[in-house]
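Chain by chain, the residues run as shown.
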Amino acid sequence: MDYQALLVLSFGGPERPEDVMPFLENVTGGRGVPRERLEEVARHYLHFGGVSPINRLNRDLIAAIETELDGAGSRLPVYFGNRNWHPMVEDTVARMAADGVTSALVFPTSAWGGYSGCRQYDEDIARARAAFGADAPHLVKLRQYFDHPLFVDAFADAIRAAVLEIPAERRDRARLVFTAHSIPVSADIAAGPPADGGKLYSRQVAEAARLCAAATGFADFDLVWQSRSGPPQVPWLDPDIVDHLENLSGKGVDAVVVCPVGFVADHLEVIWDLDNEAKVRAAELGMAFARAATPGTDPRFARMVVELIGEQVSGGQVRRMGAVPGYGGTADGQSCAIGCCASTRPARPSGTGGRPV
């Protein structure tokens, strides 16, 4: 297919205080989330002036991708669309069509499989095309990239830099802790080949953590979760990062390096849950705390996007480091493989054909 553009597809976030509640209502629409819970989350955004960094970070990423494309001799224009806030993906696809784009690639700002990490982006694509109509551009989503060497390398250097923030006298005994966004256990089980017990998302996160730890010389590490938002009676992936810090402190650990391996950028869940709640609790426990940067602002991340484009456009080399399956690469919002996206929507918070790559 002659691809004429790239669409960076993301979650979206408010950029003014008055946007916060409408944004959260978009995110939670139809899920029966109590108003008081929305107000609680709204306070997190208002703590930062009502502005989420995610849109700015995505615009910076787009500029970096454009620079990489120029360096590769490509004139592929890059568009930006979101699921939950402006620029909405429906509006972006309409603008692409008006610009004469008939087929485009889609880069989702999620490295993972499962409903939230993969299938929901397919739903965004299908919804945006349906909103435009029969002549909507064809949209092909690029594959999952949780174990791409450039993704791992960027995180590995960020971990090394974070280690140097730990006081020298504690550095050698600092514990490496990886975090990712928690999801309901039922949603995790629903993703992945049933013969493997599902759990594709948590297995992919664990594999990325293993690769990053190995690249930085850590023989041992912990994988925990953050940003839970569901009712207490529903089991979610655990332990939570703050609970884990308390447990480590009880075992005599006095220094931690936290790597948010489940996130590609320093958006609100990273800077609130880790740079505020986890960091404050670590200080209360007398623990030295350093948080590794996410890879979104690292030049290698944009370079990785261009490599993924090359795979799809010209059959370039597929570079993967891990042993856990990766999927993606679906067209026009079709479902990914049975081994990845659930065909029905589970409870949650906030190569074409779906073959492993």
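Whatever comes next refers back to the structure up there.
Section: the pattern of salt bridges
And step 1. If you walk through the whole model with that rule in mind, you get 29 salt bridges.
And step 2. Between Arg56 and Asp60 there is a salt bridge; the shortest N-O distance is 3.8 Å. With Arg56 and Asp60 both in helix α3 (residues 54-71) and 4 residues apart, the pair spans about one turn of that helix.
And step 3. For Arg56, a relative accessible area of 47% puts it in the partly exposed group.
And step 4. Where salt bridges share partners, they join Arg83, Glu90, Asp124 and Arg127 into one cluster.

Some words on the environment of Trp272
And step 1. Structurally, the position occupied by Trp272 is in helix α11 (residues 268-284).
And step 2. Of the residues examined, Trp272 reaches a relative accessible area of 15% and is grouped as buried.
And step 3. Leave out the neighbours within four places in its chain, and Trp272 touches His44, His47, Phe48 and Glu277.

Comments concerning the sheet that holds strand β6 (residues 222-226)
And step 1. Spatially, the 4 strands line up as an open sheet ordered β6-β5-β7-β8, and their pairing is parallel. Pairing within the sheet leaves two strands with one partner each, and these edge strands are β6 and β8 (288-291). Within this sheet the neighbouring strands show an average axis-to-axis angle of 30°, counted without direction.
And step 2. With 5 bridges connecting them, strand β5 (residues 175-181) and β6 associate as parallel partners. Note on β6: the bridge partner recorded for His181 is Gln226.
And step 3. Helix α6 (residues 149-163) rests against β5, β7 (255-259) and β8 of the sheet, and its axis sits at about 155° to β7.

What to know about the nonpolar core
And step 1. Membership of the largest hydrophobic core comes to 69 residues, with the highest contact counts inside it found for Leu6, Ile65, Phe107, Tyr145, Ile159, Phe178 and Met304.
And step 2. Other than its neighbours up to four places away in sequence, Tyr145 contacts Phe107, Pro108, Thr109, Ser110, Ala111, Phe151, Val264, Phe301, Met304 and Leu308.
And step 3. Leu245, Leu248, Val256 and Val270 belong to the second largest nonpolar core, which has 16 residues in total.

Considerations on the side chain of His44
And step 1. Here His44 lies in helix α2 (residues 35-47).
And step 2. The contact partners of His44, leaving out residues within four places of it in the chain, are Leu268 and Trp272.

Examining the packing of α6 against helix α12 (residues 299-314)
And step 1. At a minimum axis distance of 9 Å, the contact between α6 and α12 shows a crossing angle of 175°. Taken as axis vectors, α6 and α12 run roughly antiparallel relative to one another. Side by side, α6 and α12 meet where Leu150, Phe151, Asp153, Ala154 and Asp157 of the first sit next to Arg300, Phe301, Arg303, Met304 and Glu307 of the second.
And step 2. Tallied by class, residues from the contact of α6 with α12 come to 5 nonpolar, no polar and 5 charged.

The rules behind the values
- Residues numbered from 1 in each chain as written.
- Predicted model: local features only at pLDDT ≥ 70, side-chain atom pairs only at ≥ 80, totals over all residues.
- Heavy atoms only, no water.
- Salt bridge = Lys/Arg side-chain N within 4 Å of Asp/Glu carboxyl O.
- Helix = DSSP H or I, 4+ residues; strand = E, 2+ residues; numbered from the N terminus.
- Buried < 20%, exposed > 50% of the residue type's maximum accessible area, 1.4 Å probe, protein only.
- Contact = heavy atoms within 4.5 Å.
- Pairing = 2+ DSSP bridges.
- Axes fitted to C-alpha atoms, helices over the stretch in contact; angles between N-to-C directions.
- Core = buried A, V, L, I, M, F, W, Y, C linked by side-chain atoms within 4.5 Å.
- Parallel < 35°, antiparallel > 145°, perpendicular 65-115°, else oblique.
- Nonpolar A, V, L, I, M, F, W, Y, C, P; charged D, E, K, R; others polar.

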